[in-house]
Amino acid sequence: MSLSQAEKTFILHGVAENFRVDGRDREGYRPMELETDIVQHAFGSARLRLANTDVLVAVKIEVDTPLPEKPFEGKIEFFVDCSANATPDFEGRGGESLAVELANILSSAYESPLTFDLRKLCILKGKKCWKLYVDVLILECGGNLFDAVSLAVKAALHITQVPKIKAVNIDGDNVEIEVSDNIIDCDRLNVENLPVLVTVCKIGNHCIVDPSLTEEQCAVGSVVVAVSKECFSTITSIGTGSLHEETLFECLDLGHKVAIKLNQTLMAILVQIQPNQDVGFLK
Amino acid sequence: MSRNRELISKIGLRLDGRRPDELRRIRCKMGVFSQPDGSAYIEQGLTKVLAAVYGPHQVRSRQKAQHDACIINTQFSMAVFSTNERKKRPRGDRKSTEMSMHLQQALLSVIETDLYPWSQIDVYVEVLHADGGIYPACVNAATLAVIDAGIPIKEYVCACTASLGNNEVPMLDVSHQEEILGGPTLTVAALPMSGKIVLMEMSQRFHLDHLPKVLNKALEGCKDVKAILDEAVKNHVSEIGSATGWANTTS
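Criteria and thresholds
- Residues numbered from 1 in each chain as written.
- Chains lettered and ligands numbered in written order.
- Predicted model: local features only at pLDDT ≥ 70, side-chain atom pairs only at ≥ 80, totals over all residues.
- Heavy atoms only, no water.
- Helix = DSSP H or I, 4+ residues; strand = E, 2+ residues; numbered from the N terminus.
- Buried < 20%, exposed > 50% of the residue type's maximum accessible area, 1.4 Å probe, protein only.
- Contact = heavy atoms within 4.5 Å.
- Areas by Shrake-Rupley, 256 points an atom, 1.4 Å probe, with all protein chains shown as cover.
- Lys, Arg positive; Asp, Glu negative; His and termini not counted.
- Charge placed at Lys NZ, Arg CZ, Asp CG, Glu CD.
- Patch = residues over 30% accessible without salt bridge, like charges linked within 9 Å, V, L, I, M, F, W, Y side chains within 5 Å.
- Salt bridge = Lys/Arg side-chain N within 4 Å of Asp/Glu carboxyl O.
- UniProt positions renumbered as here; feature names shortened; annotations may be inferred.
- Pairing = 2+ DSSP bridges.
- Axes fitted to C-alpha atoms, helices over the stretch in contact; angles between N-to-C directions.
- Core = buried A, V, L, I, M, F, W, Y, C linked by side-chain atoms within 4.5 Å.
- Buried area = accessible area lost by both parts, 1.4 Å probe.
- Nonpolar A, V, L, I, M, F, W, Y, C, P; charged D, E, K, R; others polar.
- Expected span 1.5 Å × (residues − 1).
- Arc of directions from axis to C-beta.
- Phe/Tyr/Trp six-rings, centres within 6.5 Å; stacked < 30°, edge-to-face > 60°.

## Some words on the overall build of chain B
Counting secondary structure elements, chain B contains 4 helices and 9 strands. Ordered by position from the N terminus, the helices and strands of chain B form the series β-β-β-β-α-β-α-β-β-α-β-β-α. Dimensions along the principal axes, computed over C-alpha positions, put chain B at roughly 55 × 50 × 35 Å. Here chain B, with 251 residues, has 56% of them falling under the buried criterion. In chain B, the proportion of contacts linking residues at least 24 apart, taken out of those at least 6 apart, comes to 68%. Roughly 11,600 Å² of accessible area belongs to chain B as shown, and the carbon and sulfur atoms make up 51% of that amount. When the 29 basic and 28 acidic side-chain charges of chain B are each reduced to a single mean position, those positions are 5 Å apart.

This is the structure in structure tokens:
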């Protein structure tokens, strides 16, 4: 879908007057729906629908060996799959570049030990650790993928149940792990500091958050910020276009402000949310 | 063969408590997404499939275009978390390619391709949860999505699996658990109204004498599936129709 010059001007004027095409102001988000625990095979899962953007995140856990240079740490791996359901452009290997970009931003946002403490995932120093596979499936693209994915990932990790270890048997080099028999007996991860990504777009002379698919086309430059609690954990500029230094700081300020609000809202909802609601896609 | 005997208990129930001629619960919804021209979601037991249809639109690669019919492009992919063991890749392996081909075969038999010369229809299916009978679920979801897209079809194409339990009793809609335990699996995609078979695939061996009754059972299953899909389509259309005020909303 490409916009004509007139449509672009219309969007531009709307942003300038702080009244966007869908009625939002510059800092407003579109409505979101969040469901958790909808993939039975996974240890934790979430589906987030942000207007037209639909992402499904599932977390799987496997036992792995820690890296030699980080013997006390577990592992986390992000994998993004852009389903062709979202747009025919993703068919075959078409979605790969976007998928890799998303996965890389996520892993760099989660890299700092202050955002996500991988030491909690260690089972036995240097021998065994848990490896979290965070698999993101993009089902529909309606703009602002980064924010939607990060929120869904955070929700999925919140709900993830890491099995409890009952005993570790060491026999020479052979390590055997006994997992608690009780399925309900699980550890939860601390998600308080997990980063939230916010995409800030510059349209005309102003910055906006949560751009829709059409607004993304009018942007002169976009910055993705990952904010964990109060601090930035990653800042990346995406797409084409360039930003002036002053505007960049303006973007960062806006992103920071919005991300903190977004995080508070998400945390409040995650506490309330009831898993195992039999809804899924049938609603 | 001794393992096959356990598929149906003495009182005639299967491992998950179904009778031999019972399908798993089918729940479906059309119009799940707004961007594709047609989309559908189906749950057959625990197997969950999303399908999206784009088109008819201009052919993407010029060489493939046909002057008297549209081409149907299918892609099958499975989410990496859909199986018990995490998959390495969502698509591109041999099984996915085969599934795409078979899906295309089933859809080509029903879509009125000659109405859209020089054009293309994309059908994408995404398996979210695999629990046996993936191919039938994909075909059924694709049928619903094609109907949702408003593409003319000759009739429904439905698929179903059947197996042979205890070496004599035909069973319908095989689950993953039953697939693992062994026993042959017959996958049939059929046009239930005219009774034609579009695709038939059998794995493992059993005596030819058993084939007619297993095949019959599978065809019966296709008819049952068709009835369920038909009702879902009617409900969906009356729901959409009542919003615009042209449908009879008495039902």
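After that view, the rundown keeps rolling.
## A word on a nonpolar patch on the surface
All names here are of chain A. On the surface, Ile165, Val168, Ile170 and Val179 cluster together into a nonpolar patch covering about 280 Å² of accessible area. Top contributing element to the nonpolar patch by residue count: strand E8 (residues 165-171), with 3 residues. With respect to the secondary-structure elements, Ile170 resides in strand E8.

## Regarding the UniProt feature "domain: Exoribonuclease phosphorolytic" (unreviewed entry) in chain B
If you check UniProt for "domain: Exoribonuclease phosphorolytic" (unreviewed entry), the listed places come out as residues 22-152 and 156-220 of chain B in our numbering. The distance from the first to the last C-alpha atom of residues 22-152 of chain B is 31 Å, and the span holds 23% helix and 33% strand.

## As for the sheet that holds strand E8 (residues 185-191) of chain B
Residues and elements named next belong to chain B. Taken together, 4 strands build an open sheet; the order of strands is E7-E6-E8-E9 and the sheet is antiparallel. Of all strands in the sheet, those with a lone pairing partner are strand E7 (169-172) and strand E9 (196-203), marking the two edges. For this sheet the average axis-to-axis angle between neighbouring strands, irrespective of direction, equals 25°. Relative to E8, strand E6 (residues 158-165) runs antiparallel, the two sharing 6 bridges. Pairing of Ala162 across the sheet is with Leu186, part of E8. Docked against the sheet, helix H4 (residues 211-244) engages E6, E7, E8 and E9, running at close to 140° with respect to E6.

## Section: the nonpolar core
Core analysis: the biggest nonpolar cluster contains 69 residues, and Tyr110, Phe116, Leu132, Ile138, Val153, Leu157 and Val198 of chain A have the highest contact counts within it. Aside from chain neighbours lying at most four places away, what touches Leu157 of chain A is Val59, Tyr110, Leu132, Val134, Leu189, Val191 and Leu194 of chain A. With 61 residues, the next largest nonpolar core counts Met30, Met78, Ala142 and Val198 of chain B among its residues.

## Concerning the interface of chain B and chain A
Contact with chain B, which involves 37 residues of that partner, is made by 35 residues of chain A. When chain B packs against chain A, close to 3,000 Å² is buried across both sides, 52% of that on carbon and sulfur atoms. If you look at where chain B meets chain A, you find 3 salt bridges. Glu91 of chain A is the salt-bridge partner of Arg60 of chain B, the closest N and O atoms lying 3.8 Å from each other. Looking at the side of chain B that touches chain A, the elements with two or more residues in it are strand E1 (26-30), strand E2 (38-44), strand E3 (47-58), strand E4 (71-78) and strand E5 (119-129) of chain B. At 6 residues, the largest contribution of residues to the side of chain B that touches chain A is made by E5 of chain B. Among the residues making up the side of chain B that touches chain A, the classes are represented as 18 nonpolar, 8 polar and 11 charged.

## Notes on helix H1 (residues 5-16) of chain A
Residues and elements named next belong to chain A. The end-to-end C-alpha separation of H1 is 17 Å, in line with the 16 Å expected for 12 residues at 1.5 Å each. Among the residues of H1, those classed as buried are Ile11, Gly14 and Val15. Looking down the long axis of H1, one finds its buried residues gathered within 100° of arc, a one-sided arrangement. Among the exposed residues of H1, those pointing more than 90 degrees away from its buried face are Gln5 and Ala6. Looking at the buried residues of H1, the elements they touch are strand E11 (196-203), strand E12 (206-209) and helix H4 (213-218).

## So, unusual backbone geometry
With an omega of 5°, the peptide bond running from Gly55 of chain B to Pro56 of chain B counts as cis. On the secondary structure map, Pro56 of chain B appears in strand E3. Phi at Lys229 of chain A is positive, roughly 55°, even though this residue is not glycine. Within the secondary structure, Lys229 of chain A is located in the loop between strand E13 (221-228) and strand E14 (231-238). For Lys229 of chain A, a relative accessible area of 38% translates into the label partly exposed.

## Let's talk about the pairing of E1 of chain B
Residues and elements named next belong to chain B. With 4 of its 5 residues buried, E1 lies for the most part within the structure. Summarising the sheet, E1 and E2 pair through 5 bridges and their orientation is antiparallel. Residue pairing across strands places Lys29 opposite Tyr41, the latter belonging to E2.

## So, the packing of aromatic side chains
Residues and elements named next belong to chain A. Here the structure, examined in full by the defined rule, presents 3 aromatic pairs over all chains. With a centroid separation of 5.0 Å and 55° between ring planes, the pair formed by Phe78 and Tyr110 is classed as tilted. Taken together, the residues Phe78 in strand E4 (residues 75-82) and Tyr110 in the loop between helix H2 (96-109) and strand E5 (122-124) connect sequence positions 32 residues apart. Members of the aromatic cluster, connected to one another through ring pairs, are Phe78, Tyr110 and Phe116.

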